[in-house]
Amino acid sequence: MDCQICGAGGFKHLGSHVAKAHKMTAREYKQMFGLPLKRGLVTPELKQKLQEAFEDNKDVALANLTHGDKYQFKKGEPKRGETSPVAVEEATERIKEVNAKRWGTR
Ligand SMILES: [Zn+2]
């Protein structure tokens, strides 16, 4: 994936480059070049990997989101009880919110 601002190429996650190098958000970049706001600035391969990683880790990811802390559990610590269906629902909503903010999806 190439940057259309400076011409540098081969980014797996163009959004990170754009943010660091050009001090703009992925959304601004997409607007500047008329790219669909719903599309992420990642290569299809990376997107696939991220999705797989999320699927593999879904229960943990949802539980951590519910607690609002990515690294809630330290290694060796006993885990807390089962995640309630309500908590999963809340977490799913939060993921949608986060994604909407990140990618401009509505
Ligand atoms: Zn660039």
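Just above, that's the structure.
Calculation rules
Residues numbered from 1 in each chain as written. Predicted model: local features only at pLDDT ≥ 70, side-chain atom pairs only at ≥ 80, totals over all residues. Helix = DSSP H or I, 4+ residues; strand = E, 2+ residues; numbered from the N terminus. Buried ≥ 20, exposed ≤ 12 C-beta atoms within 10 Å, placed from the backbone. Contact = placed C-beta atoms within 7 Å. Core = buried A, V, L, I, M, F, W, Y, C linked by C-beta atoms within 7 Å. Expected span 1.5 Å × (residues − 1).

## Digging into the overall build of the protein chain
Here is step 1 of the chain: Along the backbone of the protein chain there are five helices and zero strands.
Here is step 2 of the chain: Starting at the N terminus, the α and β elements of the protein chain follow one another as α-α-α-α-α.
Here is step 3 of the chain: Here the protein chain holds 106 residues, and 11% of them are scored as buried.
Here is step 4 of the chain: Within the protein chain, contacts between residues at least 6 apart in sequence are counted, and of these 44% link residues at least 24 apart.

## Let's talk about the nonpolar core
Here is step 1 of the chain: Grouped together as the largest cluster of nonpolar side chains are six residues: Leu14, Val18, Ala26, Tyr29, Leu41 and Val42.
Here is step 2 of the chain: For this core, the elements supplying multiple residues, two or more each, are α1 (14-22) and α2 (26-32).

## With respect to unusual backbone geometry
Here is step 1 of the chain: One non-glycine residue, Lys23, lies in positive phi territory at about 55°.
Here is step 2 of the chain: Within the secondary structure layout, Lys23 lies in the loop between α1 and α2.

## Here we look at helix α5 (residues 85-103)
Turn by turn, an α-helix covers 3.6 residues, leaving residues three or four places apart pointing in a common direction.
Here is step 1 of the chain: Look at α5: 27 Å from first C-alpha to last across 19 residues, which is about the 27 Å you get at 1.5 Å a residue.
Here is step 2 of the chain: Taking burial as the measure, the 19 residues of α5 include one buried ones, a minor fraction of the element.
Here is step 3 of the chain: Backbone geometry just downstream of α5 places Gly104 in the positive-phi region, at approximately 75°.

## Things to note about the environment of Ala91
Here is step 1 of the chain: Mapped onto the elements of the fold, Ala91 is located in helix α5.
Here is step 2 of the chain: In this structure Ala91 comes out as buried when scored by C-beta crowding, with 20 C-beta atoms within 10 Å.
Here is step 3 of the chain: Separated by 25 residues in sequence, Ala91 and Thr66 have C-alpha atoms that sit 5.3 Å apart.
Here is step 4 of the chain: Those residues in contact with Ala91 that sit more than four places away from it in its chain are Leu62, Leu65 and Thr66.

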